[in-house]
Structure formats: structure tokens, C-alpha cells
Amino acid sequence: MAAAAKEILTRRPVAATIRLTVPAGGARPAPPVGPALGQYRLNLMAFCKDFNARTQKYKPDTPMAVTITAFKDNSFEFTVKSPTVSWYIKKAAGVDKGSTRPGHLTVTTLSVRHVYEIAKVKQTDPFCQYMPLESICKSIIGTANSMGIKIVQDLE
């Protein structure tokens, strides 16, 4: 009980929660990062260095979703998520965009192996950490179907 009370007392007041999509290893104090963090008087260079260090294992220009929690004392914390499922599907399928008429027009096909690999990468995300791999695969298949991409057992 005392530990919970101590945590409540030491909790810092939050000024804002900022959600951005920034290319991996490409955070610079220019837009979109600069104006978003500047209005809360956060240290831009500290964020850019930390973000670029955390995302250096990804290929450059991979769109990374980042959630920044800005505190009232001008400090911040941030979590980096892996790219969206639709981005992975488009890269695996080799297409620029999905179907204009999903359900009627199939753009391309993907194998179940591709879906499994995407699910393994997404399982490292903080929000998908405790989800079973089968549930993540079902979600990826649903996203692919809504993009007009058919999932098959094996590619011919």
C-alpha cells in the first residue's frame, strides 16, 4: 500500500501526449518533429539523438510510430513502435498501395509465411507483447483482405 502511495506522490504532471510518425534514424529538429516538440519546450536535440539511437537497427526511412509524453517540467519520455502492418504488407507484396476496390479487385497475393514473419515482428511491440501469435496473424490477414491482397497457403 505504501509503495502505491509513494508512486502517486512522485508521479510527474503530464503536459501533453504527442503522437508522430518519424522515419527511422531520420529525426531532425525540422518539421514535423521540431514544431511538435517545440511548443512544449522540450529538448529537440536530446529527442533526436535518443530516437535515432533506438531506431538504428531499422532500415532508413522506415516509418516509425512514436508516442512522446511531455511533462510540465520540460522533460519527456517516449516509446517507439514498429511500423504499421499495412506498411509491412505493402513491402512484402511489393506494391505501392492497396486495391481501389477491396473484395472485388485483388492486387496481389501473399503467403501465410509472410504473414507469420510480420506477426513475429509485430509481437515485439509494447501493445502486442502479450497477444498470442495466432491472434496477431488473424489481424494481419484481415488488414491484407481490406487492402485487396489475397492470402494463400504457398505462392506458386
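None of these values were measured; they are calculated from a predicted model.

Cut-offs and rules
All chains use their own residue numbering, which begins from 1 and follows the written sequence. Residues qualify for local features only when their pLDDT is at least 70, as the model is predicted, and side-chain atom pairs are given and counted only at 80 or more; totals for whole chains, interfaces and linings, by contrast, use all residues. Just so you know, side-chain values use all the structure's heavy atoms and leave hydrogens and water out. Helical segments are the DSSP runs of H or I of at least four residues, strand segments are the runs of E of at least two, and each set is numbered from the N terminus. As defined in this context, the radius of gyration uses C-alpha atoms, and a globule is described by 2.2 Å times the residue total to the power 0.38. For every residue, the accessible area (1.4 Å probe, protein chains only) is compared with the maximum for its type, and the residue is labelled buried under 20%, exposed over 50%, or partly exposed between those bounds. Note on contacts: a residue pair qualifies if any of its non-hydrogen atoms lie within 4.5 Å across the two residues. Every accessible area reported is derived by Shrake-Rupley at a probe size of 1.4 Å, with residue values counting cover from the shown protein chains alone. Just so you know, the count uses Lys and Arg for positive and Asp and Glu for negative, and it drops His and the chain ends. For this purpose, a charge sits on NZ of Lys, CZ of Arg, CG of Asp or CD of Glu. Whenever Lys or Arg places a side-chain nitrogen within 4 Å of a carboxyl oxygen from Asp or Glu, that contact is recorded as a salt bridge. Following DSSP output, two strands are said to pair if at least two bridges run between them. All axes here are fitted lines through C-alpha atoms, helices being fitted over the stretch that makes contact, and every angle between N-to-C directions spans 0 to 180 degrees.

1. Quick word on the overall build of the protein chain
Helix and strand counts for the protein chain come out as six helices and five strands. Beginning at the N terminus, the succession of helices and strands in the protein chain can be written as α-β-α-α-β-β-α-β-α-α-β. Against the compact-globule benchmark of 15 Å for 156 residues, the protein chain has a radius of gyration of 19 Å, which places it well outside the compact range. Dimensions of the protein chain, computed from the C-alpha atoms along their principal axes, are close to 60 × 45 × 30 Å. Buried residues in the protein chain amount to 33% of all 156 residues. Excluding contacts between residues fewer than 6 apart, the proportion of contacts in the protein chain whose partners are at least 24 apart in sequence is 63%. With an accessible surface of roughly 10100 Å², the protein chain has 54% of that area assigned to carbon and sulfur atoms. The protein chain carries 21 positive and 11 negative side-chain charges, and their two centres are separated by 5 Å.

2. Regarding unusual backbone geometry
Glycine aside, residues mostly have negative phi, and peptide bonds are mostly found in the trans state. For the bond from Pro-31 to Pro-32, the omega torsion is 5 degrees, close enough to zero to count as cis. Structurally, Pro-32 is set in the loop between β1 (14-23) and α2 (33-38). In the Ramachandran plot, Arg-41 falls in the positive-phi region, its phi being about 55 degrees despite a non-glycine side chain. The exposure class of Arg-41 is exposed, given its relative accessible area of 67%. Look at Asn-74: it is not a glycine, yet its phi comes out positive at around 65 degrees.

3. Considering the pattern of salt bridges
One pass over the full model with this rule turns up two salt bridges. Between Asp-125 and Lys-122 there is a salt bridge, and its shortest N-O distance comes to 3.1 Å. By relative accessible area, which is 7% here, Asp-125 ends up buried. A salt bridge links Glu-134 to Lys-138, with the shortest nitrogen-to-oxygen separation between them at 3.6 Å. Of the two residues, Glu-134 and Lys-138 are both situated in helix α6 (residues 133-146); the distance of four residues between them amounts to about one turn of the helix. For the pair shown, Glu-134 and Lys-138 are each scored as exposed.

4. So, the pairing of strand β3 (residues 76-81)
As defined by bridge partners, strand β2 (residues 63-71) adjoins β3 across six bridges and the pair is classed as antiparallel. Note on β3: the bridge partner recorded for Thr-67 is Thr-79. The hairpin formed by β2 and β3 contains four residues between the paired strands, and Asn-74 there has a positive phi angle of roughly 65 degrees.

5. Considerations on the sheet that holds β3
Taken in spatial order, the three strands of this open sheet run β1-β2-β3, and their pairing is antiparallel. Unpaired on one side and paired on the other, β1 and β3 mark the two borders of the sheet. Sheet twist, expressed as the average angle between the axes of neighbouring strands with direction ignored, equals 20 degrees. Taken strand by strand, helix α3 (residues 44-54) contacts β1, β2 and β3, and its axis lies near 30 degrees from that of β3.

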